[in-house]
Amino acid sequence: MAHAVMTPKLSLPPGPKGDFLLGSAREFARDWPGHMERCAREFGDICYYRFLHVPICQITHPDQIEQVLVRQSANFHKSRDYGALKFILGNGLLTNEGASWQEQRQLIQPAFRHENILAYGEIMADSTARHLARWEDGEARDLHQEMAELTLDIVSKSLFGTNAAHLAHEVGEEIAAVMERFQAMAALSFLLPANFPIPKTPRVLRSKKKLDGVVLSMIRDRRKNKTTGEDLLQRLLDAQDEAGRQMSDEQLKDEVMTLFLAGHETTANALTWTWYLLAQHPQAEQALGREIDRVLAGHAPTLGDLPRLPYTEMVVKESMRLFPPAWGFGRLALEEFELDGYRIPAGTNIFITQWLTHRDSRFFPDPLRFDPERWREDPVRKGKIPRFAYFPFGGGPRVCIGAGFAMLEAALLLATIAQRYRFTLAPNAKVTPLFSVTLRPKCGLPMVLHRR
Ligand code: HEM
């Protein structure tokens, strides 16, 4: 007679006991990344705690991250804090789920093919040249602000074409106003039941109404005037599935808003931290300058030059290792599942943070050292480090759709600017990371400009 195999009941992962009522909410509110770091140190790669009543499982090992993002991805939706973003971005790619997300991803993906992104190289180069024309040797500027303005200009023109700059500017300002209030909304949406409406301030409601109005009128104008063009909006207007179906105006509005929001602040932060790191590592800065001078011989770079500028790309990669612009994100487990021999109940929020995994000495020797040479022989492709030891753009089906765009943009802007300028930190400048939706310097990045 066959015996039924009794599987032992698995336990929850270890973790801090926390307060009976609050869980780890106090530690979390005081210093979110610090709390996560301490948990990882004390309890290891997988640990479990509560934020008030909300269960959180934090994972830091690349294999566990791969399980959640790739192998078992069907068991997860985005974590509850994405609920706040949903108010602004509706059913755009970042916040959509299930079959609707899949259909949209298939429709939008072709616009981000390498050959299509190349069309934006001219906008990137032109915007940067115009921006640099405002700079003077020896002056001090907040480079975070500078990079934010520049990448906003690039995403606006890439999305809406070069003629709609004034409208795009309006959209940019309103989105910034809403995002200022996002953090509080995200914390609330994390705690409230899924269908509970998140309280919004009149300012946020006004911004949302205005944004919807501007973007919808742009879409309707385009449809009416039957324009053609290479901007992203036009590509999305033209996109159709095999049955010839196209996006509704409402869906298109959500996608445009999503690309607008997701498409500039992260890249601005990547460049900001790169300047910060280069200013402190003169050897890397000189190596970058030598490569640019040798390859470009004084010509302004284009996207076509990037394959001959490998060190430039290595600098961007290393900078995003130490300061990942998207420093962490979450998933919500739909069903109970097993991870590394532990039981993770349905409804648990899984926290994944590049900030911790990218700085793990098991995968990156001397992890706090800025060393672009780590990337000379691609260690992931060579099998020297696990696939998810480095994942600035996430991974699996929900990997960043703009990763190719962002890498080309960051490398091109780095080469164009570093060809003409180097920077030193302004005297008395204190630079501390702010762990907001993205990772940016708390009080900007005041730097002095030096013409090369
Ligand atoms: C350095 C720059 C960037 C970084 C570090 C970054 C990072 C990320 C990450 C980590 C995700 C996955 C989030 C998750 O799984 O929950 C993501 C998703 C996304 N990103 Fe980016 N991103 C960058 C630039 C861009 C750009 C330039 C665009 C568009 C122009 C963009 C559009 C999106 C969209 C639409 C998604 C959602 C994709 C989906 O779920 O299908 N991102 N990004």
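A brief look at the structure comes next. Since the model is a prediction, treat every value here as computed from it, not as a measurement.

**Some thoughts on the packing of helix α11 (residues 202-225) against helix α13 (residues 249-262)**
Okay, step 1: Taken N-terminus to C-terminus, the directions of α11 and α13 make an angle of 115°; their axes are 9 Å apart at the nearest point. Read as a crossing pair, α11 and α13 show a hand that is right-handed. Contacts between α11 and α13 involve Leu211, Asp212, Val215, Leu216, Ile219 and Arg220 on the former and, on the latter, Asp249, Leu252, Lys253, Val256 and Met257.

**Quick word on the environment of Leu85**
Okay, step 1: Relative to the helices and strands, Leu85 is located in helix α4 (residues 82-89).
Okay, step 2: Exposure remark for Leu85: the 23 C-beta atoms within 10 Å place this residue in the buried category.
Okay, step 3: Sequence-wise, Leu85 and Thr272 are 187 residues apart; in three dimensions their C-alpha atoms are separated by 24 Å.
Okay, step 4: Discounting residues that sit within four places of it in the chain, Leu85 has contacts with Leu94 and Thr95.

**Remarks on the nonpolar core**
Okay, step 1: Among the nonpolar cores identified, the biggest contains 82 residues, and Phe260, Ala410 and Leu414 are the most heavily contacted of them.
Okay, step 2: Here the element with the most residues in this core is helix α18 (residues 403-420); it accounts for eleven residues.
Okay, step 3: Setting aside anything within four residues of it in sequence, one finds Leu414 in contact with Leu271, Thr274, Thr312, Val315 and Val316.

**Notes on the sheet that holds strand β12 (residues 446-451)**
Okay, step 1: Reading across the sheet, the three strands line up as β4-β12-β9 and stay open at both edges, with antiparallel pairing between neighbours. Of all strands in the sheet, those with a lone pairing partner are β4 (140-142) and β9 (421-425), marking the two edges. Neighbour-to-neighbour, the strand axes of this sheet turn through a mean angle of 45°, independent of strand direction.
Okay, step 2: Across five bridges, the pairing between β9 and β12 is antiparallel. Residue pairing in the sheet places Leu425 in a bridge with Met447 of β12.
Okay, step 3: Lying over the sheet, helix α14 (residues 265-280) contacts β9 and β12, oriented at roughly 80° with respect to β9.

**Regarding the pairing of β12**
Okay, step 1: In this structure, β4 lies alongside β12, joined through three bridges in antiparallel fashion. When the bridges of β12 are listed, Asp142 appears paired with Pro446.

Parameters at a glance
- Residues numbered from 1 in each chain as written.
- Predicted model: local features only at pLDDT ≥ 70, side-chain atom pairs only at ≥ 80, totals over all residues.
- Axes fitted to C-alpha atoms, helices over the stretch in contact; angles between N-to-C directions.
- Helix = DSSP H or I, 4+ residues; strand = E, 2+ residues; numbered from the N terminus.
- Left-handed = near helix turned anticlockwise from the far one by under 90°.
- Contact = placed C-beta atoms within 7 Å.
- Buried ≥ 20, exposed ≤ 12 C-beta atoms within 10 Å, placed from the backbone.
- Core = buried A, V, L, I, M, F, W, Y, C linked by C-beta atoms within 7 Å.
- Pairing = 2+ DSSP bridges.

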